[in-house]
Every structure is written in structure tokens, then in C-alpha cells.
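Tertiary structure, described
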Amino acid sequence: MLATHLDVFNIVQAKFLAAEVVKSINLNVSIVDGPQNNSNRILALVEYNNSFALFVLVSSRTQPVSFSDLSIETVVPVDQSFACETEPVAGQNHVILVIKYKQNRYEYNIEVGKESCNFAAELIRSKEVSTSKPNFTWLEKYFGTMNQSNRNSDPISDQSEFVLVRDGMTQGQTAINRESMLRYQLKLRDSEFTQKQEFTIFVGTWNVNGQPCSASLRSWLSYDENPPDVYAIGFQEIDLSKEAFIFNDTPREAEWQKLVMDGLHPNAKYRLVALARLVGMQLAVMINNQHYQHVRNVSFDTVGTGLLGKMGNKGGVAVRLELHNTSLCFVNCHLAAHVEEYERRNQDYKDINARINFRRNPPAIKDHDQVYWLGDLNYRITDLSNTQVKVLLQRNETNALLKVDQLNQQRERGNVLLDYLEGDITFQPTYKFDLFTDVYDTSEKARPPAWTDRILWRGRGIHQLYYRSHMDLKVSDHKPVSALFKSEISVVDPTKYRKVHEDLLKKMDKHENEFLPQVTVDQTEVTFDLVKFREPQCRDIIIANTGVTIVLQNAELLQVPAEFEFIKKLDESFYCKDWLRIVPFSGSINPGEKCDVRLEVNLETDLDTLDDILVLHLKGGKDMFIIVNGTCQKSCFTQSLSSLVRIQVPILHLSDEEWNLARNNISPIYYSVPRELWLLVDYLYRHGLKTRDLFESCALHEELIHIRDWLDCGSQEPIPGTPQAIAESLLLFLSYTKDPVIPFELQDVCIAAANNFENCRQLILQKVNDIHRTVFLYVCMFLQELLRYSNDNGYDAKTLASLFGDILLRDQIRNSKPQASRGKANFVYNFLMNDLSSSLLPK
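Report follows, based on the coordinates. Everything quoted here is computed from the prediction, not taken from an experiment. (Residues numbered from 1 in each chain as written. Predicted model: local features only at pLDDT ≥ 70, side-chain atom pairs only at ≥ 80, totals over all residues. Heavy atoms only, no water.)

Bringing the overall build of the protein chain into the picture now. The secondary structure content of the protein chain amounts to 23 helices and 30 strands. Sequence separation of at least 24 residues holds for 69% of the intrachain contacts in the protein chain that already meet a minimum separation of 6. Here the protein chain has roughly 37500 Å² of accessible surface; of this, 47% comes from carbon and sulfur atoms. (Helix = DSSP H or I, 4+ residues; strand = E, 2+ residues; numbered from the N terminus. Contact = heavy atoms within 4.5 Å. Areas by Shrake-Rupley, 256 points an atom, 1.4 Å probe, with all protein chains shown as cover.)

So this is what it looks like as C-alpha cells:
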């Protein structure tokens, strides 16, 4: 095989999955009676699981240098309906290869020579050796642009009349791209059939500090003379109970929502559009009845940024909708507390933005026409004492205080809410008050007043009318805040819309076969640096729309947008591995524009390497493949308990041979519990037993990284971090071991036995192996010790059992059985309330 031929062979193989083996190729192929100089096609015979298919590929270069240069034009299965023959051409050095498949016939010019003879022989042989009933489901991923009518009538599962053709633009491709192009052209011309109408939007936020409220909210929600068109009302801390924190379940949701509905403006009637809640955060969006029919595509999402990055004591809830022709997004958040934690607040904000996914177009917060951000952002006054703040307030020197307001400082530095606007603050700080008064905090802590409760916005056509606090509501240590906006909403004129729509359709009909979208990707292989446990890494790829622009006779342009999405591969349930996150995973790119796609890896399992092939599907165009790879660093956080008790030194100090012996359970057992678990628990015994809310305060990500490295690498220095950070590391350790402390197969029987301690005890003694039993009892005895200091740390047995139940009896698929959480908590509760000494030395 010539070097050039071998190079191309390898490039063609890279176009397919590893299990899809390219058996033979034929270069310099052209279509009979096609245009001149069209010999940039390649025939490829591909085998998968004893079934064969003939692929016709088109190269964008004379000789491809990468598999991204190749696009698939035609796919023909090799089965009993497949036939091929050659026809000589008089006086020429080539022959015509005729491919027949049922009613379809394809003719290609191929050069006569050794290459073509070998290819023809392989093609004939493939039909002879293929299974009697070949399964061609593996071809489905190359099926995206096939004629839709053929697809519906002759599904691939029947292996009937299946041929995929990408010759120019098939009918199915046109249908896909007509829809995409029509949407884009309508957006370009929306000024011809829409007009701006002003809607009033009332946005309110209130941290109610877990207090019940029976008073009317009308003085807050109906403050203005005229009724608003839209309400967005956010609460924080509607329930501070431990049960709400652990189980995300509270009766307060209905109570507060009833108060909201009763407090809306009496001069209009409203309907609830959406209600989203996460523990104590609640966001309700209501709209005037007369506008309800113009609301569509409603969706909501929630993100917990609390303990373990998921607990909902902190985080955000968001609602999106489309009102007429304008997309609106409302985000209610509760960010990390305490004066010094501004970096944690910045991180919470970024997490909410990154993780909110409405699973509609657009899926992200930032891509909406208008966004309203509200909540208890918890930013405080920096470097001033309680007395200094109060003196400046008495002097009415608000501007001096706003200069040292953390949110203003962080926005100026570009760390948070950079592209948002906020109205002038002319009201007093809304936090912190003595309950049922207008008096700022007189408790022992004497927290300085601060503007923790804020409302900001971004987008065009938004004009703030008022920004104010409501001092008459006194049940909480916060005061409610509201902002009234006059916002421009695009309203469609149906008659004008139909005219533009029909005009576009007529123009598009004349260019039916030219709507072929094209994109380029700046890299088709993404390699990550050394990947470590829960230390995310990001890489960006750029997808650019390089599609054609159609120039009409009147110089009007018809441009083709490109719609893309990452699609799952055959026999896989998701479009990427669980350690990878793609944002955005789908989208539309306007002509001449690009889209930055972020690939983020976050390792939470024991892997040596990362390998994935992403399929980037272009609607109406070709599929592209992106290789993702990286090398992983092992960590004690993702290993089995049986491996960890067999190592005497930090895991990164082990040689490969030593680690393999431990991982395969060949090394002797040195410890009763893993040394890393003992180090974490020992620290908490000595420094954390009296720490208030030990397991509810979140550490900064950097703190957790330092603790992980200290455990994995070892150090003569003391363990870094605060008691809260060590406590969160303990929960992380127990949450990510390769197997849970209580095996998956015992969870149901443990929950069933949870009403009787002796039954629970017998299960642990008889069904759980020695290592896991010892770890379970060790953790429970530590929790019993913690309960002896409950007056200091504020914990009770039910709360600790609820928190540790979901961790010690972990679901095989995380959080897949939330209904079982109470049963798990009851099981652990038995071991916190009974003497465990008789369980330490089982018979």
C-alpha cells in the first residue's frame, strides 16, 4: 500500500468508531455524468459486527489531511438486496462501478488498477460472508439527513429501502433547513411585523427568616396605583427546619403562595405561570389574565450550591417564558452568608449561571432577551463596624456606604453580575433588624446593616421606574424590596406576519437546493491536562457558521443559519460520558457568527484515562466527530474501602505494583478503617464537636482541594482548612468511595428493617462484611459523640441521621430514589440512639 494511500486509509478510519472497521477504500472516484473535476470522492467498505456497508465520502480537499475534511454522501447496506458490477469504457483507463440497491442505482468512475481490483474483490466478498440477517442499526447515526418520508415508511429496523444519500440537498435536508432558515429570516425581519409595547413588570424579593406570616402582603405587592402586567416574587428562607434542608419538603410553599395571590393588586386578576422552589427559595411568576394567552414555552430549573454542591440551603431557582415575541428569565437566588465569604458568593453566582438549564431554546440564562436577577445576594459592607455604619446612615451619607458595598466592589472588578444594571439605591439597608421592629441588630453579634436584598436586570428595552424597600413588614430580620419596570415587549401583528412569512416561503422555494448549512470546528481533538478528583477543567472549541449566502436579484440576502447538537452514539444513553459536561450542547449559529462551546471535565470516579468521541450533528449537514481524552490522577476519595485499608501511606506515594496489589485485595489489611477516614474524623473529634452547624456551612472549592491534596500526597504540616471544610471533606469521602458503606443490594432490606433496632443490628452483623461494618459503626459512634455536644453544635439525632442516611446508604444512580431518604434516615437513627459496644465484636 502506497504511503499516500495509507495516510488516507487512516484518515477514513478516524471518521468512524473504533468498532466500525474500514476494510478497504478506493480513491479518486467521481460520479458518472457529474460535473468536471469531481473526483474527490472515496469509496469505503466498513464492517461492524459481521455486517457491512458501502460509504461514499466527499473530501473538501484534493487529499484529506483530517477526518473533518470528509463528509458522508451515501450509505448503502450490503445485504441480499445489494449488487455491484462493472461496465468497461472504450478507450479509457477507467471503468464504471454500478451499485444497485433495490430500486436505487449509483454509477461511479473508478480507475483501473490494483486498488480498484482489490476493492471490488472485498466488496463482493463482504456480501458472501455477511450474516444471513445482518443488523444495520449501527448506521442510524449516519441517518440524520435522509429523506424523512422514506425514513418513516421504511425504518432501518426493517432493513427495507434503506439508502442514505447526501447528494447536494435531499428533500429531508431541505425540510430541516427550511425551518431553521425561516426562523432566522423571520427574526431578521421581525421589525416588519412586530411593534414594541410597554408592559409593567413588578419584581419583589424577601428573606422571611423562616417566620410564618399571617399578615397581608398587599402593602408590598400592591404598592402602586396601577396593577402591573407581570409579577415575579422571590422568597428566601421560607422554611429553616432541618427537615426542609435535608428532604427539600415543606408545607410553607403553599402557605406563602396563598399570601402572594391574596396580596396581588386588587384591580386586576392574575394567573400563576410557574412556581419553582428549592428548600427555602421560592419564585412565583404571575401574569394578568388578559395576557395569559400570549405566554408560551414556560420552563423552570433549580440549582443547589450548598453542601456538596447540591444542598438547597443556598443556590438559585429560575423561571423562563416567552411573552409574545420576547423571552423573559427571572432568577431568584440566596448566596453564601457571612461578611468574609464574598468569594463564595461569587462562586455561587457562577455556579447558578453555569448549571441552570431550561432544556428549551435558549437553555441558558444569558441567552434570553430580558433577565431579572433578584434575591438575598448576601453581600455586606466591608471594613466598617456596626457603629460606623449606623453613624453614616444617621448622617444620610448613603453614597459613602455604597462605595464599600461588596456587591458594588465585586461588580467593578468584573467578578459578578458584570453585564447587569442596578437602579440607584435610595432606601435604607434591608438587613439586619430585630424581629418585629425597625431597629437594626441589637443582639450580641451586632451585625452591621447591609443591602443584602437586591434586584438587577439585563437586556434591551428595560426601564426601571422604582426601586424601594417596604419597612412596614416586620416579621423578618430582612425587609422586602421591590422594583417596578416598564419593559418593551415585541408584539406580533398577525396580518403583517403572514405577509412576511409568505414572502419568505416564495423566495426560499426558488432556492430549495441551496440551503446547505456548513460549519467549521477549530479543533477536533481536545486533550485535558492531568485530571484530578473534583477539580474541574475547561476547554473551549469554536463552531463557526461558514454556510453560503444566497443573493437574490434585488440584492436581498438569504443566509443559512446552522443548527447543531451533540447526539448520542449507538448503544449509549447520553451524548457524552458522565464526567463531561458540554455547554451549550445544542444551539443555532447565525451566518458569519460563531459559538463558543465549553467542554468541562469533573472527575468523580476512579478512572485512569478519559476517552470519549463526541458526535456533533449539524441539522441538514454532515456529522463531525470530536475526540476528548486526558489522563487522571488517582485519589483516596474514589477508591474502595477494602483497597484503602490495605495502604499505609498516602495513595500517591504508592508504586504501581503496590497499588495494584492493594486494589486487587492481595495486600494485607493494615487498618480497621481507612487512614484518610480516621484523619478526618480525628480532626473533628478534636476541633469540631462544638462547632455550630458543622455540616451546613460550605467550604470554598480551594479549601477542599487543599484537603484532598493533603490526604493524597501527605504532609508534615497540619491538615489545612476549617472544621466546616473538614466536615464537608468527610461527607465527600463517604459519598464518592467506589462502593457505598452499606452495599447497594442491602439498601431495600435495611429500609424495610428500619423500625426495629435489633433487626437493623443483625443485618449489619450478618450481611455486611467486616471492613464495611467497621466503617459504618465507626461513623455512627462519631455521630453519637457529636450528639453529646448538641447544645453547642445545634444538632439532634434525626438531623444527623437524615444527613448521613443518603450518604451511608448511597443510591447506585445518585439521587434516583429520593422517596427512600426517610427510610435510610430511620435506619441510621437506630444506631445513633442505641449502645453500639456489643456490635463491635460480632460473634
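Having put the structure on the table, let's press on.
Bringing the pairing of strand E1 (residues 21–31) into the picture now. As paired strands, E1 and strand E2 (residues 41–48) are joined by 6 bridges and run antiparallel to one another. From the neighbouring strand, Val21 faces E2, where its bridge partner is Glu47. Strand direction decides the pairing type here: E1 and strand E7 (residues 104–111), joined by 2 bridges, are antiparallel. Considered in E7, the bridge of Ile31 is made with Tyr108. (Pairing = 2+ DSSP bridges.)

With that settled, consider the packing of aromatic side chains. Counted under the stated rule, the structure contains 29 aromatic pairs. When the ring of Phe235 is compared with that of Trp256, the centres are 4.9 Å apart and the planes differ by 45°; the resulting orientation is tilted. In this pair, Phe235 is assigned in strand E10 (residues 230–236) and Trp256 in helix H7 (residues 252–263), connecting sequence segments 21 residues apart. Phe235 sits in the buried class, given a relative accessible area of 1%. Each member of the aromatic cluster is reached from another via a ring pair, and the members are Trp206, Trp220, Phe235 and Trp256. (Phe/Tyr/Trp six-rings, centres within 6.5 Å; stacked < 30°, edge-to-face > 60°. Buried < 20%, exposed > 50% of the residue type's maximum accessible area, 1.4 Å probe, protein only.)

With that out of the way, let us pick up the packing of helix H15 (residues 675–687) against helix H20 (residues 770–787). Contact pair H15 / H20: the axes reach a minimum separation of 11 Å and the direction vectors enclose 10°. Relative to H20, the element H15 lies roughly parallel. Seen from H15, the contacting residues are Leu677, Trp678, Val681, Leu684 and Tyr685; seen from H20, they are Val775, Tyr778, Met781, Phe782 and Glu785. Here the contact of H15 with H20 is composed, by residue class, of 9 nonpolar, no polar and 1 charged. (Axes fitted to C-alpha atoms, helices over the stretch in contact; angles between N-to-C directions. Parallel < 35°, antiparallel > 145°, perpendicular 65-115°, else oblique. Nonpolar A, V, L, I, M, F, W, Y, C, P; charged D, E, K, R; others polar.)

Turning our eyes to something else, we now look at unusual backbone geometry. Tyr431 connects to Lys432 through a cis peptide bond whose omega is 5°. Relative to the assigned elements, Lys432 resides in the loop between helix H11 (406–412) and strand E17 (453–459). Between Val583 and the following residue, Pro584, the backbone shows a cis peptide bond with an omega angle of -10°. Secondary-structure assignment places Pro584 in the loop between strand E26 (580–583) and strand E27 (586–589).

Okay, H15 next. Counted at 1.5 Å a residue, the expected span for H15 with its 13 residues is 18 Å, and the 18 Å between its end C-alpha atoms agrees. Among all positions in H15, only Arg675, Glu676, Leu677, Leu679, Leu680, Val681, Asp682, Tyr683 and Leu684 are buried. Buried residues along H15 sit against helix H13 (641–644), helix H16 (701–713), helix H17 (723–736) and H20. (Expected span 1.5 Å × (residues − 1).)

The strand order E11-E12-E10-E9-E19-E18 describes an open sheet built from 6 strands, whose pairing is mixed. Each edge of the sheet is formed by a strand with only one pairing partner; in this case those strands are strand E11 (270–278) and strand E18 (462–469). Averaged over all adjacent pairs, the angle separating strand axes in this sheet is 20°, with direction ignored. As paired strands, E10 and strand E12 (residues 281–288) are joined by 6 bridges and run antiparallel to one another.

In this section: the side chain of Thr305. Relative to the helices and strands, Thr305 is located in the loop between strand E13 (295–304) and strand E14 (315–323). Classification of Thr305 as buried rests on a relative accessible area of 1%.

The next point concerns H7. For H7, which comprises 12 residues, the first-to-last C-alpha distance of 16 Å matches the rise-based estimate of 16 Å (1.5 Å per residue) to within 8%. The complete set of buried residues in H7 reads Arg252, Trp256, Gln257, Leu259, Val260 and Gly263. Looking straight down H7, one finds that the buried residues subtend no more than 155° of arc, so they occupy a single side. Of the exposed residues in H7, the ones pointing more than 90 degrees away from its buried face are Ala254 and Lys258. Buried residues in H7 make contact with strand E9 (194–207), helix H5 (218–221), E10, E11 and E12. (Arc of directions from axis to C-beta.)

What follows deals with the packing of H20 against helix H22 (residues 797–808). Interaxial distance between H20 and H22 falls to 11 Å at its minimum, and their mutual angle equals 155°. Classed by the angle they form, the pair H20 and H22 counts as roughly antiparallel. Considering how the two elements wind past one another, H20 and H22 form a crossing that is right-handed. Seen from H20, the contacting residues are Phe776, Val779, Leu783, Leu786 and Leu787; seen from H22, they are Ala797, Leu800, Phe804 and Leu808. Taken together, the residues that form the contact of H20 with H22 break down as 9 nonpolar, no polar and no charged. (Left-handed = near helix turned anticlockwise from the far one by under 90°.)

With that out of the way, let us pick up the pattern of salt bridges. Summed over all chains, the structure comprises 41 salt bridges. Among the ionic pairs, Lys486 bridges to Glu198, the shortest N-O distance being 3.8 Å. Of this pair, Lys486 sits in strand E19 (residues 481–492) while Glu198 is found in strand E9, placing the two residues 288 residues apart along the sequence. For Lys486, a relative accessible area of 30% corresponds to the partly exposed category. For the salt bridge of Asp606 with Lys738, the shortest nitrogen-to-oxygen distance reads 2.9 Å. Note that Asp606 is positioned in the loop between strand E28 (594–601) and strand E29 (609–618) and Lys738 in the loop between H17 and helix H18 (747–752), a separation of 132 residues in sequence. Judged by relative accessible area, which is 44%, Lys738 ranks as partly exposed. (Salt bridge = Lys/Arg side-chain N within 4 Å of Asp/Glu carboxyl O.)

Residues Phe695, Leu734, Phe776 and Phe831 are the most contacted members of the largest nonpolar core, which totals 74 residues. Looking at this core element by element, the count peaks at 11 residues for H20. Apart from residues no more than four positions distant in its own chain, Leu734 is found in contact with Leu677, Val741, Val779, Phe804, Ile807, Leu808 and Arg810. Phe199, Met281, Leu283 and Val285 belong to the second-largest nonpolar core, a separate cluster that totals 45 residues. (Core = buried A, V, L, I, M, F, W, Y, C linked by side-chain atoms within 4.5 Å.)

On the secondary structure map, Asn209 appears in the loop between E9 and H5. Ignoring any residue separated from it by four or fewer positions in sequence, one finds Asn209 in contact with Gln236, Glu237, Leu240, Leu435, Ser476 and Asp477.

Let's shift gears to the environment of Leu763. Secondary-structure assignment places Leu763 in helix H19 (residues 757–767). Its relative accessible area of 12% is what places Leu763 among the buried residues. Put simply, Leu763 and Arg773 are 10 residues apart on the chain and 9.9 Å apart in space, counted from C-alpha to C-alpha.

We now examine the sheet that holds strand E22 (residues 537–545). Taken in spatial order, the 4 strands of this open sheet run E20-E22-E28-E26, and their pairing is antiparallel. Each edge of the open sheet carries a strand with a single partner, namely strand E20 (519–521) and E26. Ignoring strand direction, the axes of neighbouring strands in this sheet form an average angle of 25°. Across 4 bridges, the pairing between E26 and E28 is antiparallel. The residue of E28 that forms the bridge with Val583 is Arg598.

So, about the environment of Val29. For Val29, the location among the structural elements is in strand E1. Accessibility expressed as a relative area gives 0% for Val29, which makes it buried. Along the sequence, Val29 and Ile42 sit 13 residues apart, while their C-alpha atoms lie 5.8 Å from each other.

Right, let's get into the environment of Asn756. Mapping Asn756 onto the fold places it in the loop between H18 and H19. Taking the C-alpha atoms as reference points, Asn756 and Phe827, separated by 71 residues in sequence, lie 8.6 Å from one another. Among the polar contacts made by the side chain of Asn756, one reaches the main-chain amide nitrogen of Glu758 at a distance of 3.0 Å. Among the polar contacts made by the side chain of Asn756, one reaches the main-chain amide nitrogen of Asn759 at a distance of 2.9 Å. (Polar contact = N/O pair within 3.5 Å; in protein donor to acceptor, adjacent residues only side chain to side chain.)

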